Structure formats: C-alpha cells, structure tokens
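The residues making up each chain are set out below.
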Amino acid sequence: GVKTRKDIFADIGLGRRLNLVVARQLACIGEALPNETPASMAITIQGTEGMAVQFAKCCHPIPGDPIIGVLKSGQGLTVHTRDCSAISKGRSGEQYLDAVWGKNIQRPFDVGLKLVVANQRGVLAKVAAAIAEAESNIENVSFANEDENTVLNFTLEVNNRLHLANIMRRLRKIPEVKRIIR
C-alpha cells in the first residue's frame with residue numbers, strides 16, 4: 001500500500017510498521033523460507049515495540065497468554081489473545097500473524113478482572129488490600145449492585161499470567177468473593 005521504498009523506510013522509522021513484518025512480506029512469507037520452522041517465523045512481542053504494536057483492549061493480552069497479531073493497513077499490529085471473540089469475526093483487509101511473547105518482559109500490562117462479591121461492608125477494602133499485597137496496582141474500578149451481590153470491575157496492572165494467578169489466589173481466600181472472571 002505504499003508507492004516507494006522510501007515510504008516503507010519512513011513508516012518503519014516512525015514506528016508505523018514493524019520491520020520484521022515488512023521483511024517477511026518482501027520475502028514472500030507464503031513460501032517456506034529455508035531453515036525456518038513455523039515457530040521461528042512467529043513475531044516475538046517484547047512489549048516495548050512502540051506505536052507499531054498495540055495491545056487489544058477487548059481481551060487485554062498479558063505475557064503467558066497464547067497470542068496472535070492482527071495487521072491492519074495503516075494501523076500497525078494489534079496483539080490479541082488467540083481465543084479473543086473480536087478476531088474470530090474475521091474482517092476483510094486484516095492479516096493474521098503468529099506471535100509469541102519474548103523472554104524477560106519487564107513492563108506491566110493492564111488486565112480486566114470481574115469479581116462477584118457479597119454486598120457487605122468493607123468488602124472493597126479487603127479486595128483492594130489483597131490486590132496491593134500481591135504487588136499489583138489498581139488502574140480503574142467500577143461497581144454495580146445486583147440483588148444481594150455486588151459486581152466489581154477492576155483494571156489491574158500485572159506482569160504476566162503467573163502474577164495474575166497469584167492475585168486471583170489471594171482474592172479467592174476472601175470469604176465474600178463468590179466468583180472471579182477474567
């Protein structure tokens with residue numbers, strides 16, 4: 001979708017395109033390249049790619065999740081979990097690329113967590129304390145009352161799936177927590 005090589009290089013330099021994706025497209029990725037296995041052909045996501053890579057807000061992928069890259073013209077690469085309902089719709093003009101997480105990713109990722117809790121005094125404080133003890137930060141919280149239960153919707157910062165599992169284990173120990181949904 002560009003007119004000259006200079007345009008491609010400018011897009012790569014500005015972070016609008018991934019150099020690895022461009023290189024593979026130029027090398028006709030449809031044909032197997034010598035000495036490359038399908039696993040080695042996957043794009044490695046480090047979490048620091050900049051503007052060319054975004055993490056989907058619909059599924060909030062975190063390191064450890066099976067992921068896939070969706071390449072949209074002019075928008076760069078969006079990383080989704082493989083089971084995300086938004087990518088199963090298969091829109092035209094999108095290219096799907098295998099993606100894997102890199103090793104030693106050192107940045108926090110946002111993840112949505114929904115808790116169904118008993119509507120009792122102090123339950124929000126207990127939940128917030130458990131999250132803080134698990135060394136996570138609460139980015140956003142909202143709630144809604146449903147009969148005798150309260151639904152708490154959190155956006156938390158986590159490092160990876162193990163960190164999220166640790167948070168969820170701590171939350172399950174709170175007697176008022178009835179259900180946890182990612």
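Presented here is a report on the structure given in the accompanying data block. (Residues numbered from 1 in each chain as written. Predicted model: local features only at pLDDT ≥ 70, side-chain atom pairs only at ≥ 80, totals over all residues. Heavy atoms only, no water.)

On to the sheet that holds strand S1 (residues 43-45). Strand pairing within a sheet occurs via backbone hydrogen bonds; the two strands may be parallel or antiparallel. Pairing in this open sheet of five strands is mixed, and the strands run S1-S5-S3-S4-S2 from one edge to the other. A single partner strand is all that each edge strand has here, and the edge strands are S1 and strand S2 (53-55). Strand-to-strand twist in this sheet, taken as the mean axis angle between neighbours without regard to direction, amounts to 40 degrees. (Pairing = 2+ DSSP bridges. Helix = DSSP H or I, 4+ residues; strand = E, 2+ residues; numbered from the N terminus. Axes fitted to C-alpha atoms, helices over the stretch in contact; angles between N-to-C directions.)

Before going further, it helps to examine the packing of aromatic side chains. Per the stated rule, a full pass over the model turns up three aromatic pairs. Pairing Phe55 with Trp101 gives two aromatic rings, centres 6.0 Å apart and planes at 10 degrees, and the pair type is stacked. Here Trp101 lies in strand S5 (residues 94-101) and Phe55 lies in strand S2, a separation of 46 residues in the sequence. Accessibility expressed as a relative area gives 18% for Phe55, which makes it buried. Taking the relative accessible area as the measure of exposure, Trp101 reaches 14% and is therefore buried. Arranged with centres 5.5 Å apart and planes meeting at 80 degrees, the rings of Trp101 and Phe109 form a pair that is edge-to-face. What makes Phe109 buried here is its relative accessible area of 2%. Of the aromatic side chains, those joined through ring pairs into one cluster are Phe55, Trp101 and Phe109. (Phe/Tyr/Trp six-rings, centres within 6.5 Å; stacked < 30°, edge-to-face > 60°. Buried < 20%, exposed > 50% of the residue type's maximum accessible area, 1.4 Å probe, protein only.)

Moving on, we get to unusual backbone geometry. Unlike most non-glycine residues, His60 shows phi in positive territory, near 45 degrees. Tracing the backbone through its elements, the reader meets His60 in the loop between S2 and strand S3 (67-72). Located in the positive-phi region is Asn104, a residue other than glycine, with phi close to 60 degrees. Locating Asn104 in the fold gives a position in the loop between S5 and strand S6 (109-118). By relative accessible area, which is 68% here, Asn104 ends up exposed.

Let us now look at the nonpolar core. In this structure, Ile45, Leu113, Leu115, Val127, Phe154 and Leu171 are the most contacted members of the largest nonpolar core, which totals 34 residues. If we skip the residues at most four places from it in the chain, Ile45 touches Val53, Phe55, Ile67, Leu77, Val79, Ala99, Val100, Trp101, Gly102 and Ile105. (Core = buried A, V, L, I, M, F, W, Y, C linked by side-chain atoms within 4.5 Å. Contact = heavy atoms within 4.5 Å.)

On their own, these measurements won't tell you what the molecule is for.
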